[in-house]
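Structure at a glance
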Amino acid sequence: MAAALAQYRPDTVLIEGPPEADGLLALAAHQDMGPPVALLAYVVDNPAQAAFWPFAAFSPEWVALRHALDHDVPVRFIDLPAAHTFVHEHEEEPEGPGIDPIAELARTAGHDDPEQWWDDVVEHQLVGDGDALAPFRTIADAMAELRPPGSEPSGGREARREAWMRRQIRAAERAGHRRIAVVCGAWHVPALAGRPSVASDDALLKGLPKVKVELTWVPWTHRRLSQHTGYGAGIASPGWYQHLFESADRGTVRWMTKVAALLRAEDHSVSSAHVIEAVRLAETLAAMRGRPLPGLAESTDAVRAVMCEGSDVPLALVQDRMVVGDRMGRVPDEAPTVPLQRDLTRLQRSLRLKPEPAERELDLDLRKDTDAARSRLLHRLTLLDVPWGSAATSRTGSTGTFRESWRLLWEPELAIKVAEAGIWGTTVESAATSRARDLAAHSGSLGEVTALAEACLLADLPDALPTVLQALADRAALDADVAHLAEALPALVRSLRYGDVRGTDAAALRELAEGLAVRICIGLPPACNSLDAEGAGAMAGHLGSTHAAVALLTDADELHQRWSATLRTLAERDTIAGLLRGRAARLLLDDNQWDAAEAARQMRLTLNPVTPPAEAAGWIEGFLAGGGMLLVHDTRLLGLVDDWLTSVPDAAFPDVLPLLRRTFSGFDPGVRRTIADRVRAGTDTPATPDRPGFAPTLDRTRAATARRTAAVLLGINHAPPGARGSAE
Amino acid sequence: MSVSAVPPTDSAAPAEEALRPHAETAYAAELAALAAADDRPRPACWQLSPWAVATYLLGGALPDGTVVTPKYVGPRRIIEVAVTTLATDRALLLLGVPGTAKTWVSEHLAAAVSGDSTLLVQGTAGTPEEAIRYGWNYARLLAEGPSRGALVPSPVMRAMSEGRTARVEELTRIPADVQDSLITILSEKTLPIPELGEEVQAVRGFNLIATANDRDRGVNELSSALRRRFNTVVLPLPASLEEEVDIVSRRVGELGRSLELPAVPSGSAEIRRVVTVFRELRDGVTADGRTKVKSPSGSLSTAEAISVVTSGLALAAHFGDGVLRPGDVASGLLGAVVRDPAADRLVWQEYLESVVRDRDDWKDFYRSCREAAEH
Ligand SMILES: Nc1ncnc2c1ncn2[C@@H]1O[C@H](COP(=O)(O)OP(=O)(O)OP(=O)(O)O)[C@@H](O)[C@H]1O
Ligand SMILES: [Mg+2]
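Report follows, based on the coordinates. Every value quoted in this text rests on a predicted model; they were computed, and no experiment measured them.

Let's talk about helix α12 (residues 251-265) of chain A
Residues and elements named next belong to chain A.
- Here α12 contains 15 residues, and its C-alpha end-to-end distance of 21 Å stays within 8% of the 21 Å for a straight helix at 1.5 Å per residue.
- By the burial criterion, the buried members of α12 are Thr 252, Trp 255, Met 256, Val 259, Ala 260, Leu 262 and Leu 263. The buried residues of α12 occupy an angular sector of 165° when the element is viewed end-on, so they sit on one face.
- Residues of α12 that are buried in the fold lie against α11 (238-246), α13 (272-288), α14 (296-307) and α15 (312-325).

Here you go:
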């Protein structure tokens, strides 16, 4: 492009792009402007409706723009104004030609890789034989073949764009320009070169509806350029093209040298000998493949074979940092404010949350609409790396699901963070949504994604949730650590039950939670084998939280059965620590999976002289962790504990004492006292064998106390104390 | 020095009688046709141009109508990089998990480049230095003293003096100090014989292809000095289901014929299923890309898939009705997947429950696998 312009010396340059940007074009030559950058256009009344035009330093449009500015040649953008295109955004017709013309040409030439073909035929061969304009002519001819006259419907979006561009070219001619350079997609060349009548163009462009739009420059990144979705330019290897653009000669040698430096910085031993061999291999490969110069494919093959020991792992680094590249662009301060900042300002005003440079605390009551909206805003900004608020513990000490406390501090640097976050979208909500999606795609561990899912719920980003949940499902499937799964499950179930989740997502979330629970069922027994005391303690916690979570998953009978079966396995397998077996036994009892007789049987099996005393004490700890009331009510169980305790040999007693003390000191003082009374009274002769722990008749005085409390809880006016009514 | 390495001699069995003829014999016709059609420049002492060597490995049609069968099924670039490496006088290291055709490719490369794939050193923990450098014929050594006549050259030494391709199999199994004797050979391209005060200089055309297993890299990790002498090409597992089914069906057919087993219809459902299971477990994701699964510890190579199907076929022939059914492959599959009794069993169970069970036309297969797993 640069060579062609230098040769042609245009007296005006017209570029395919939104004409509303004409006033901003001069900024391209500003000393603080550094590509990659993008032109951003958005609808003033609805900034979420936006479009980006990204440019790298090597983009032909950018090269042409800089040529014009550097040579004081008038330059303008000539595409259909964004004011019109936004109105037609919802039309069925896709943007662009509908076919990939380069792929079409490559196929005609018998190649299956269009980019490769383009590099070989255009970048390497047509260029360099002296006439810089030759490739442009050749491609224009090829496009004319692909677009024979009359092959397309008249009207439609593409036709309107081309009519508009023709109109601008005519205007430039009328203004007296003689050497007009039009920089546009090759596809348009036949349409712009051919000149249908002015009248037919006017007819196409008559009465186009429009909206009010604004534009500005925003920094862009090579990474975003390489994305095919969203506003990426679909350039697979911006870093490589940047390299070609910057290095005038010995491109392969320079590239290999840079690769070597990168790999060395990451502690791979790469010597100059490697660089030499890599260059030789790349050049010989190119010759073997009939290419004039090593392209990216040859360079990559050579780097892999010579410098990376055949491995794709270090190569991924080269791909990420060099072929794509992490360059981030800059725009001068003179560029208009980004819409994300504007949206934020609007929200700050409507929510009466002033950005202040002094730290202050903010307590929110989420039942109030304004507070809920404030909370959403702060959570969304956190996701966007704009840490205006951080979670704080409340001054009033009030806690609960309806309350949130924040510490707010607006530092000037946050404005820059907002500008950087502008890359994700034009409103706080849309930007946070894309950012969450991106995080989901790149986050590593299950814990990270679970946290992200919770963050999405807190920030109320329903559109990001499906992606995040998919990522969660993927990580959960891969995580082999039952503890991680068990840590993730309760949060999921909580979100499912209490979170404000839409129907489809709820189904996905549910499937995910159930799948996770099944995995825990499968993985738990082996994971509980041969744990040390500390490990068993941690696992007992997981057991309890998983149990609670599974219970909250309603309408999942199969799962509940599975979970009970898992607990039974744990309770009965004697390679498992006593603590865990006791805990499992207790959960089964609480769940009515075991009756008291079965629990007593298990207890008798465990609490015998053959079991190592510490193991038995662990069992008791696990079994009684749910509270000691059980021993008060079931004198049979108490009797078993008592019998065992008295049979512990003297030598072992000091070992089990701390364990027992830990267990019993966790009980309520009242419970402890009652147990002591029972033991003193003797546990050998249970009063009623079929209802252990219960007296044969009702004790009315004690019942009245309970009744009063129940009445208070229920909010009904209770009868005067001591009255004996029908409520019994 | 206590062992005298006996060089392979030309008195080996004639090709027609060999159970498995060398590549250069088995494909002599293809090689001759390629040489005749090949008008591109050949590196010194090469039988073919690099382009023709690549065509020999990857298959293609020649102008005279000869069809060259593909020897290696996989990415073109792998073979191109391997051949180009040899053409730039760099030694080539083929890496990969077991059963990815490393030995196979190495043999065919040597056959196409040098017309001789027999200059081979088989690496083991007991491979002595003599196998790489040279040994002595002790009778002559005693009778004549140190002389060229008493010296027994290794395959590598012969490749050096004749300008051919030497092959070293399973390089990482060779003890580190023995490996080191390759460093001088590869960097100086000479092999000193201090006993005679002489040296053997490699003539042009000499090069070396080594293979090593990715999995037991740790056994005798290559020193970085030696590693630096090689360009490394990793042979991947087959990229697509179709490709792998193709490789497995072809090899099962060949092996089955020699064991006189009934023929499997090509693309048989059971082969597809075995390959699918192998691939899903290996890739950690189901074929539809929707569900992730854990991978077991074993390598689950194509070669293992071939053996699961072949032994299933034997079961069907000797104990069944000769038709390959889920029950015939289930226990073989279990054995291939569950290498580590604890962790792999869990992986297999999870896979059966979360993936296999829900597939409508896999019910029989699910049942057979459950049964096999319970025994
Ligand atoms: N991509 C492939 N193309 C053609 N054949 C293949 C391919 N992958 C595997 N095979 C077949 O698998 C068999 C095993 O190959 P080979 O013995 O060369 O493996 P290897 O990589 O050397 O294994 P090991 O590490 O165990 O030595 C060969 O018969 C080969 O035909
Ligand atoms: Mg091998």
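Quick look at the site of ligand 1
Residue and element names in this part refer to chain B.
- Taken together, 14 residues form the shell around ligand 1, and within it Val 73, Gly 99, Lys 102, Thr 103 and Arg 251 come nearest.
- Here an oxygen atom of ligand 1 and a side-chain polar atom of Thr 103 are 2.6 Å apart.
- Separating an oxygen atom of ligand 1 from a side-chain N or O atom of Glu 170 is a distance of 3.2 Å.
- Out of a free accessible area of 630 Å², ligand 1 has 83% covered by protein chains.
- Looking at the shell around ligand 1, the elements with two or more residues in it are α5 (102-114) and α10 (241-258).

Looking at the sheet that holds strand β10 (residues 207-213) of chain B
Residues and elements named next belong to chain B.
- Spatially, five strands are ordered β4-β7-β10-β3-β11 in an open sheet, and the strand pairing comes out parallel. Every other strand in the sheet has two partners, leaving β4 (120-122) and β11 (230-234) as the edge strands with one partner each. This sheet shows a mean twist of 20° between the axes of neighbouring strands, independent of strand direction.
- Pairing analysis gives four bridges linking strand β7 (residues 165-169) to β10, with the strands arranged parallel. Across the sheet, the residue bridging to Arg 167 is Ile 209, located in β10.
- Set on the sheet, helix α4 (residues 76-87) makes contact with β3 (91-96), β10 and β11; between it and β11 the angle comes to about 165°.

Quick notes on the interface of chain A and chain B
- In this assembly, 29 residues from chain A lie in contact with 30 residues from chain B.
- Both faces considered, chain A and chain B share a buried interface measuring about 2,400 Å² in area, 58% of it formed by carbon and sulfur atoms.
- Contact with chain B buries surface across chain A, with Met 288, Glu 309 and Ile 522 of chain A losing the most and accounting together for 25% of the total.
- In this structure, Arg 77 of chain B engages Asp 301 of chain A in a salt bridge whose closest nitrogen and oxygen atoms are separated by 3.7 Å.
- Listed by contribution, the elements that provide at least two residues to the side of chain A that touches chain B are α13, α14, α21 (465-478), α23 (503-528) and α25 (557-572) of chain A.
- The greatest single-element share of the side of chain A that touches chain B, amounting to eight residues, is contributed by α13 of chain A.
- For the side of chain A that touches chain B, the class distribution of residues is 11 nonpolar, seven polar and 11 charged.

Quick word on the side chain of Glu 24 of chain B
Residue and element names in this part refer to chain B.
- As for its position among the elements, Glu 24 is in helix α1 (residues 23-26).
- The buried charged residue Glu 24 lacks any salt bridge, with Arg 167 as its nearest oppositely charged partner at 7.1 Å.
- A distance of 2.7 Å separates a polar atom in the side chain of Glu 24 from a polar atom in the side chain of Ser 117.
- Once you skip the residues sitting within four places of it in the chain, Glu 24 turns out to touch Leu 31, Ala 111, Gly 115, Asp 116, Ser 117 and Thr 118.

Considering the environment of Asp 201 of chain A
All names here are of chain A.
- As for its placement among the helices and strands, Asp 201 is situated in helix α9 (residues 198-205).
- In this structure, the C-alpha to C-alpha distance between Asp 201 and Arg 166, residues 35 residues apart in sequence, is 8.1 Å.
- Those residues in contact with Asp 201 that sit more than four places away from it in its chain are Ala 163, Arg 166, Arg 170 and Pro 196.

Notes on unusual backbone geometry
Residues and elements named next belong to chain A.
- Of the consecutive residues Pro 35 and Pro 36, the connecting peptide bond is found in the cis state with omega at 5°.
- Residue position: Pro 36 is located in the loop between β1 (12-15) and β2 (37-43).
- A positive phi angle, near 65°, is found at Asp 385, a position not held by glycine.
- The residue Asp 385 is located in the loop between α17 (369-383) and β8 (389-391) in this model.
- The phi dihedral of Asp 460 falls on the positive side, at around 55°, and the residue is not glycine.

A look at the pattern of salt bridges
Residue and element names in this part refer to chain A.
- Tallied over the entire structure, the rule returns 56 salt bridges over all chains.
- Two residues, Arg 107 and Glu 104, come together in a salt bridge whose shortest N-O distance is 3.1 Å. Highlighted residues: Arg 107 and Glu 104, both in helix α4 (residues 101-108), separated by three residues, approximately one helical turn.
- The class of Glu 104 is partly exposed, set by a relative accessible area of 26%.
- Its salt-bridge partner being Asp 201, residue Arg 166 comes within 2.9 Å of it at the nearest N-O pair. Of this pair, Arg 166 sits in helix α7 (residues 157-174) while Asp 201 sits in helix α9, placing them 35 residues apart in sequence.
- On the basis of relative accessible area, Arg 166 is assigned to the buried category, the value being 7%.

What counts and how
- Residues numbered from 1 in each chain as written.
- Chains lettered and ligands numbered in written order.
- Predicted model: local features only at pLDDT ≥ 70, side-chain atom pairs only at ≥ 80, totals over all residues.
- Heavy atoms only, no water.
- Helix = DSSP H or I, 4+ residues; strand = E, 2+ residues; numbered from the N terminus.
- Expected span 1.5 Å × (residues − 1).
- Buried < 20%, exposed > 50% of the residue type's maximum accessible area, 1.4 Å probe, protein only.
- Arc of directions from axis to C-beta.
- Contact = heavy atoms within 4.5 Å.
- Near = heavy atom within 4 Å.
- Polar contact = N/O pair within 3.5 Å; in protein donor to acceptor, adjacent residues only side chain to side chain.
- Areas by Shrake-Rupley, 256 points an atom, 1.4 Å probe, with all protein chains shown as cover.
- Pairing = 2+ DSSP bridges.
- Axes fitted to C-alpha atoms, helices over the stretch in contact; angles between N-to-C directions.
- Buried area = accessible area lost by both parts, 1.4 Å probe.
- Salt bridge = Lys/Arg side-chain N within 4 Å of Asp/Glu carboxyl O.
- Nonpolar A, V, L, I, M, F, W, Y, C, P; charged D, E, K, R; others polar.
- Lys, Arg positive; Asp, Glu negative; His and termini not counted.

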